[in-house]
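Fold and contact review
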Amino acid sequence: MNYVDLDELLLMAGHQIPARDMSAYDGKPFQCACGKTHSFNTSYMDFRNYGSTGVNAKMLVVCPDDPRYSTLIQTKYKFMVIFDRFESLAGHKS
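Described below are features of the structure shown in this document. (Residues numbered from 1 in each chain as written. Predicted model: local features only at pLDDT ≥ 70, side-chain atom pairs only at ≥ 80, totals over all residues. Heavy atoms only, no water.)

Take the environment of Lys 76 next. Here Lys 76 shows up in strand β7 (residues 69-78). What makes Lys 76 partly exposed here is its relative accessible area of 22%. When the C-alpha atoms of Lys 76 and Ser 39 are compared, they prove to be 16 Å apart, with 37 residues separating the residues in sequence. Ignoring sequence-local partners within four residues, the contact set of Lys 76 consists of Asn 56, Ile 82, Phe 83, Asp 84, Arg 85 and Glu 87. (Helix = DSSP H or I, 4+ residues; strand = E, 2+ residues; numbered from the N terminus. Buried < 20%, exposed > 50% of the residue type's maximum accessible area, 1.4 Å probe, protein only. Contact = heavy atoms within 4.5 Å.)

Below, the structure is given as structure tokens:
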């Protein structure tokens, strides 16, 4: 995972889209910028969603253990309908 400044993280995120209900991903693991693996929970999101390719979505999440860390994650699907995993694209520590 690349560690970048906040401006670059937002640039990597791309175009912001209206917030959607992401609770379907609750409990799914993601690699956090803090170095640990956490279970996704919508309460960790900073409630900005970003457009991505195909059915995938990008989200910024805040570390549940240390709010100084933010991670840009992207959903990955199998066959465009079955959620497979989160891919951690970049992290930031403020």
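Here the narrative resumes, following the displayed structure.
Taken together, Val 55, Phe 79, Met 80, Val 81 and Ile 82 make up a surface patch of nonpolar side chains, about 580 Å² in accessible area. Its location among the elements puts Ile 82 in strand β8 (residues 82-93). Accessibility expressed as a relative area gives 45% for Ile 82, which makes it partly exposed. (Patch = residues over 30% accessible without salt bridge, like charges linked within 9 Å, V, L, I, M, F, W, Y side chains within 5 Å. Areas by Shrake-Rupley, 256 points an atom, 1.4 Å probe, with all protein chains shown as cover. Salt bridge = Lys/Arg side-chain N within 4 Å of Asp/Glu carboxyl O.)

Once that is clear, we can look at helix α1 (residues 6-13). The N-cap of α1, judged by a side-chain oxygen 3.3 Å from the amide nitrogen of Asp 7 a few residues on, is Asp 5. In the segment just after α1, Gly 14 is the residue with positive phi, at about 90 degrees. (Polar contact = N/O pair within 3.5 Å; in protein donor to acceptor, adjacent residues only side chain to side chain.)

Moving on to the pairing of β8. Strand direction decides the pairing type here: strand β1 (residues 2-3) and β8, joined by 2 bridges, are parallel. The residue of β8 that forms the bridge with Tyr 3 is Gly 91. Inspection of the sheet shows β7 paired to β8 by 10 bridges, in the antiparallel sense. Opposite Ser 70, over in β8, you have His 92 as the bridge partner. Hairpin connection of β7 to β8: 3 residues between the antiparallel strands, including Phe 79 at a positive phi of 55 degrees. (Pairing = 2+ DSSP bridges.)

With that settled, consider the packing of aromatic side chains. Using the criterion set out here, one finds 6 aromatic pairs in the structure. Each ring, one from Tyr 77 and one from Phe 83, has its centre 5.8 Å from the other, and the planes form 80 degrees; the classification is edge-to-face. Seen in terms of ring centroids, Phe 83 and Phe 86 are 5.2 Å apart; in terms of plane orientation they differ by 65 degrees. Their pairing is edge-to-face. Of the aromatic side chains, those joined through ring pairs into one cluster are Tyr 25, Phe 40, Tyr 77, Phe 83 and Phe 86. (Phe/Tyr/Trp six-rings, centres within 6.5 Å; stacked < 30°, edge-to-face > 60°.)

Now for the pattern of salt bridges. All chains considered together, the criterion is met by 5 salt bridges. The residue Arg 68 makes a salt bridge to Asp 66 at a minimum N-O spacing of 2.6 Å. For Arg 68, a relative accessible area of 40% translates into the label partly exposed. Judged by relative accessible area, Asp 66 falls into the buried class, the value being 18%. Between Asp 84 and Lys 78 there is a salt bridge, and its shortest N-O distance comes to 3.9 Å.

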